[in-house]
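Next come the chains, spelled out residue by residue.
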Amino acid sequence: MATFLYKLGRFAFRRRHFVILIWVALLAAVGAGAASAPAATSNSFSIPGTEAQKAFDLLDERFPGSNVDGATARVVFKAPKGETMTDPANRSAVLQVVAELGKGAQVGHVTDPYESRAVSKDRTTAFTQVSYDVSAFELEEPTREELKDAAKHGEKEGLTVEIGGDALESIPETGASEVIGIAVSAVVLVITFGSLVAAGMPLLTALIGVGIGVSSITALSSALDLSSTTATLATMIGLAVGIDYALFIVSRYRAELIEGNTPEEAAGRAVGTAGSAVVFAGLTVVIALVGLSVVNIPLLTKMGLAAAGTVAIAVLIALTMIPALLGAARGRVLRRKTRKQLSAARKDGKQAAEAAEDKPNMGTRWARFVLRRPVMVLLAGVIGLGAVALPVSSLELGLPDDGAKPADTTQRKAYDTLATSFGPGFNGPLMLAVDTADSDDPKAATQRVVKTVARLDGVAAVTPATFNRFGNTAMLTVIPESGPSSLDTEDLVADIRSTADDLKADTGADTLVTGTTAMNIDVSKKLNDALVPYLALVVGLAFLLLMVVFRSVLVPLKAALGFLLSVVAALGAVVAVFQWGWLADVFGVEQTGPVMSMVPIFMVGVVFGLAMDYEVFLVTRMREAYVHGERPGEAVVTGFRHGARVVTAAAVIMISVFAGFIGSSESMVKMIGFGLAVAVAFDAFVVRMAIVPAVLALLGGAAWWLPRWMDKVLPNVDVEGEGLQKRTAVETADGPAAAGDTPYSELSRV
């Protein structure tokens, strides 16, 4: 592989104008396709195999046009102090708002709070429920404005009006956080390289790759029913790996120039060595993202596949466009001071590397420190991350509701008002679908269900059943005594479902629990159940891949165990901040509660891919030095001398990008941003920079042990470039440098 990529790098270097033109033309083509493609009309969310989804499908079939999974809004009215909602003036104001809401184009039904008994016992609060014909993501902005305007009319009459429900949920807009992340990335790259030209290449190629990936997603979103969050995930991951991959190839190119190679030869060697690491690092990320399909949630599967496609584009751009840009920049990727030093050294007959490295850098000094005290560093890293991981034992999973929103939002105010005036359960009603098609007496069977459920612990009320026109299906609502994210509500759902079998045996009616609260519970359980199989699949496949890369059993095992340690520690930090409330004020967490169900599996996928990036880039250089004759300890130092600075820069860039989302007002975005930022920090600086060299120091040459039979079975992909070095050594001995190469002494004049 190294030889093939070496040839590819030199080809792109020589045919730079052609290669750059192809990528720019491709960006323009997919951009035009995205601009002309029809807008996505759906953000459907289904959970195959869950009872909640089965009940939704049943109600859709038996109650055509009811749109049971459509968007809803609860408009909550609070009477002025000393007045009640039954006062004539307040009643008239509420009915005017209800009438205005009913005129909306996408509105299916609006309840009258006085007819539906939606007035609190103390008569100070009332609410109306608005049901829409489409999902929350399909609501048009004018519809949301009509909802807000109706509430304002109620406020003009002296009432306090707040709006809850998912109707106000809009598609998250991105832009500010990405701009902050890119700005920080630019600063870090300039500091790392000391050259604006070198710093600009990773940013330029990453933006082109993300542009192609996101434009492709936009163009296909309608045809493939891709959700609005798919492009957001692809942007986040694409920027991360795009900058990383280009960063490592440019860094290796600079090192090859310093070693005395001509620009074209340096580009070929950089792509042949660092490019091989990019290919396998990209494969680990793709495996992690494609592996999300094991969860069997279509939305998550499409997001993973789309992001994996963006990663593949980032790999291809790094292997082709970066050497093409290097062909245009040549020696300008080095600091001006370095170019002058190297040119002077050439005239004096000194080796280029000696001139550029007069003293050990920080990576070299740190590696030598770890080699002197490996046990101390290993214990400090493991014990430290283990302590941070302890809160994971109290991890509670759930999906956020309006109760998790900031206290100053109308959704949160509506949530708190309903909980105070009607009880917490009114914010998370359960919907029961009773299939009486096989029952001899549908009405008697349904009545039996109502009475049985009403007697269960934790039930505040059960509404009368509503039958469809054929009389073979009933729909009723159960109000829990506890809130929607409470464990008591989860227990109640389990109790209802446990009685369903007995009820079916006695009455022939099949009772299914659904609704937003039940769906959230089912999603959390499905994600929780899928975490271990997903982890086993991703880590197992990556373990095999890393064995091929490193020709070792212990190095991949160490890499996998280190990743697990960092991701568990990051989850512990998430629990401590978002569930326990530690440092909540620092991170702007206004409401603690269960950790979002999506966070663990999302962190496993994303962090695993990025962690393996750092592992591959750092340890591949160590493996390369070891294969080329250095002792195990010297190989570790060499790996850190060439890779520590770049890995540090890549990690700082990723942490900055993810940390930008912590300032979001959305609790989900805040939690994901915090979790990913902390996970990357733990993995890059504790696991890869401390634990990895300490373990390698203790293992010595045994770290690179591979059974003979396995050595024969595994393909030799030559990531370290041993075959490439032999080939280029022969070519150098046989003749002069390839035509078109710039002599090294010319770098100072470029």
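Everything in this summary refers to the structure shown in the same document. (Residues numbered from 1 in each chain as written. Predicted model: local features only at pLDDT ≥ 70, side-chain atom pairs only at ≥ 80, totals over all residues. Heavy atoms only, no water.)

**Some points on the environment of Ala 34**
Checked against the element boundaries, Ala 34 lands in helix H2 (residues 16–36). Residues Ala 34 and Ala 219, 185 residues apart in the sequence, show an inter-C-alpha distance of 4.1 Å. If sequence neighbours within four positions are ignored, Ala 34 has contacts with Ser 215, Thr 218 and Ala 219. (Helix = DSSP H or I, 4+ residues; strand = E, 2+ residues; numbered from the N terminus. Contact = heavy atoms within 4.5 Å.)

**Focus: the packing of aromatic side chains**
If you walk through the whole model with that rule in mind, you get eight aromatic pairs. A ring pair is formed by Tyr 626 and Trp 704, whose centres lie 5.8 Å apart and whose planes are at 25°; its orientation type is stacked. You can see Tyr 626 sitting in helix H20 (residues 598–627) and its partner Trp 704 sitting in the loop between helix H22 (667–699) and helix H23 (708–713), a full 78 residues away along the chain. Classification of Tyr 626 as partly exposed rests on a relative accessible area of 27%. Exposure remark for Trp 704: the relative accessible area of 9% places this residue in the buried category. Put simply, the rings of Phe 127, Phe 422 and Phe 426 touch in pairs and so form one group of aromatic residues. Stacked on the ring of Phe 13, the Lys or Arg Arg 16 has its end atom at 5.7 Å from the ring centre. Between the NZ or CZ atom of Arg 91 and the centre of the ring of Tyr 114, over which it lies, the distance is 4.3 Å. (Phe/Tyr/Trp six-rings, centres within 6.5 Å; stacked < 30°, edge-to-face > 60°. Buried < 20%, exposed > 50% of the residue type's maximum accessible area, 1.4 Å probe, protein only. Lys NZ or Arg CZ within 6 Å of the ring centre and 35° of its normal.)

**Let's talk about the pattern of salt bridges**
Within the structure shown, the criterion is met by 17 salt bridges. Arg 497 is the salt-bridge partner of Asp 522, the closest N and O atoms lying 2.8 Å from each other. With a gap of 25 residues between them, Asp 522 in helix H18 (residues 516–550) and Arg 497 in helix H17 (residues 487–507) connect regions that are remote in the sequence. Note on accessibility: Asp 522 and Arg 497 belong to one class, buried. Ionic pairing is found between Arg 688 and Asp 683, a salt bridge with its closest N-O pair at 2.8 Å. (Salt bridge = Lys/Arg side-chain N within 4 Å of Asp/Glu carboxyl O.)

**Structural notes on a nonpolar patch on the surface**
Taken together, the side chains of Val 294, Leu 537, Leu 541 and Leu 544 present a nonpolar region at the surface, about 300 Å² in accessible area. Summarising the element assignment, Leu 537 is placed in helix H18. (Patch = residues over 30% accessible without salt bridge, like charges linked within 9 Å, V, L, I, M, F, W, Y side chains within 5 Å. Areas by Shrake-Rupley, 256 points an atom, 1.4 Å probe, with all protein chains shown as cover.)

Read these as layout, nothing more, since geometry by itself doesn't imply function.
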